[in-house]
Amino acid sequence: MPEVFRFYGFSFFFYSKEHEPLHIHVEGNGGCAKFVWNGTEFELFEKQNIKANDFKKIKNVIDENADIIISRWKDHFEK
């Protein structure tokens, strides 16, 4: 399970045997979410037990680091 990075107590990661489309999982503080790349930005696919304030932080981290997420996905899955 490659962790891309960790912010605000949340882990941003992929599962090792992932599938398309490109996406990122987030877990921490008793909640989880999945964001999928739509070709322009990462959009929320699903979330459970994430507070609004935490969600805002998570989305900002993903938006600000989309290029890193995409690069790490390609490095890991397109070998």
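Residues numbered from 1 in each chain as written. Predicted model: local features only at pLDDT ≥ 70, side-chain atom pairs only at ≥ 80, totals over all residues. Heavy atoms only, no water.

Undergrad: Hey, could you run me through the overall build of the protein chain in this one?
TA: When its secondary structure is counted, the protein chain shows 2 helices and 5 strands. In sequence order, the protein chain lays out its α and β elements as β-β-β-β-β-α-α. For 79 residues, the compact-globule formula gives about 12 Å, and the C-alpha radius of gyration of the protein chain, at 12 Å, lands near that figure. On the principal axes, the C-alpha backbone points of the protein chain span a range of 35 × 25 × 20 Å. Within the protein chain, the fraction of its 79 residues that count as buried is 41%. When contacts within the protein chain are restricted to residue pairs at least 6 apart in sequence, long-range pairs at least 24 apart make up 33% of them. Per element, the accessible surface of the protein chain, about 5000 Å² overall, is 48% carbon and sulfur. Side chains of the protein chain carry 11 positive and 13 negative charges; the gap between the two charge centres is 5 Å. (Helix = DSSP H or I, 4+ residues; strand = E, 2+ residues; numbered from the N terminus. Rg over C-alpha atoms; globule rule 2.2 N^0.38 Å. Buried < 20%, exposed > 50% of the residue type's maximum accessible area, 1.4 Å probe, protein only. Contact = heavy atoms within 4.5 Å. Areas by Shrake-Rupley, 256 points an atom, 1.4 Å probe, with all protein chains shown as cover. Lys, Arg positive; Asp, Glu negative; His and termini not counted. Charge placed at Lys NZ, Arg CZ, Asp CG, Glu CD.)

Undergrad: Where do I start with the packing of helix α1 (residues 52-64) against helix α2 (residues 66-77) in this structure?
TA: For any two helices packed against each other, the geometry comes down to the angle between their axes and how far apart the axes lie. Contact geometry for α1 and α2: axes closest at 4 Å, N-to-C directions at 70 degrees. The orientation of α1 with respect to α2, classified from their angle, is roughly perpendicular. For the pair α1 and α2, the contacting residues are Ile62, Asp63 and Glu64 in the first and Ala66, Asp67 and Ile69 in the second. In the contact of α1 with α2, the residues fall into 3 nonpolar, no polar and 3 charged. (Axes fitted to C-alpha atoms, helices over the stretch in contact; angles between N-to-C directions. Parallel < 35°, antiparallel > 145°, perpendicular 65-115°, else oblique. Nonpolar A, V, L, I, M, F, W, Y, C, P; charged D, E, K, R; others polar.)

Undergrad: When you look at the environment of Pro2 in this model, what are you seeing that I'm missing?
TA: Inspection of the secondary structure assignment puts Pro2 in the segment before β1 (3-7). Judged by its relative accessible area of 15%, Pro2 is buried. Between the alpha carbons of Pro2 and Lys59 there is a distance of 19 Å; along the sequence they are 57 residues apart. Those residues in contact with Pro2 that sit more than four places away from it in its chain are Phe13, Phe14, Tyr15, Ser16 and His76.

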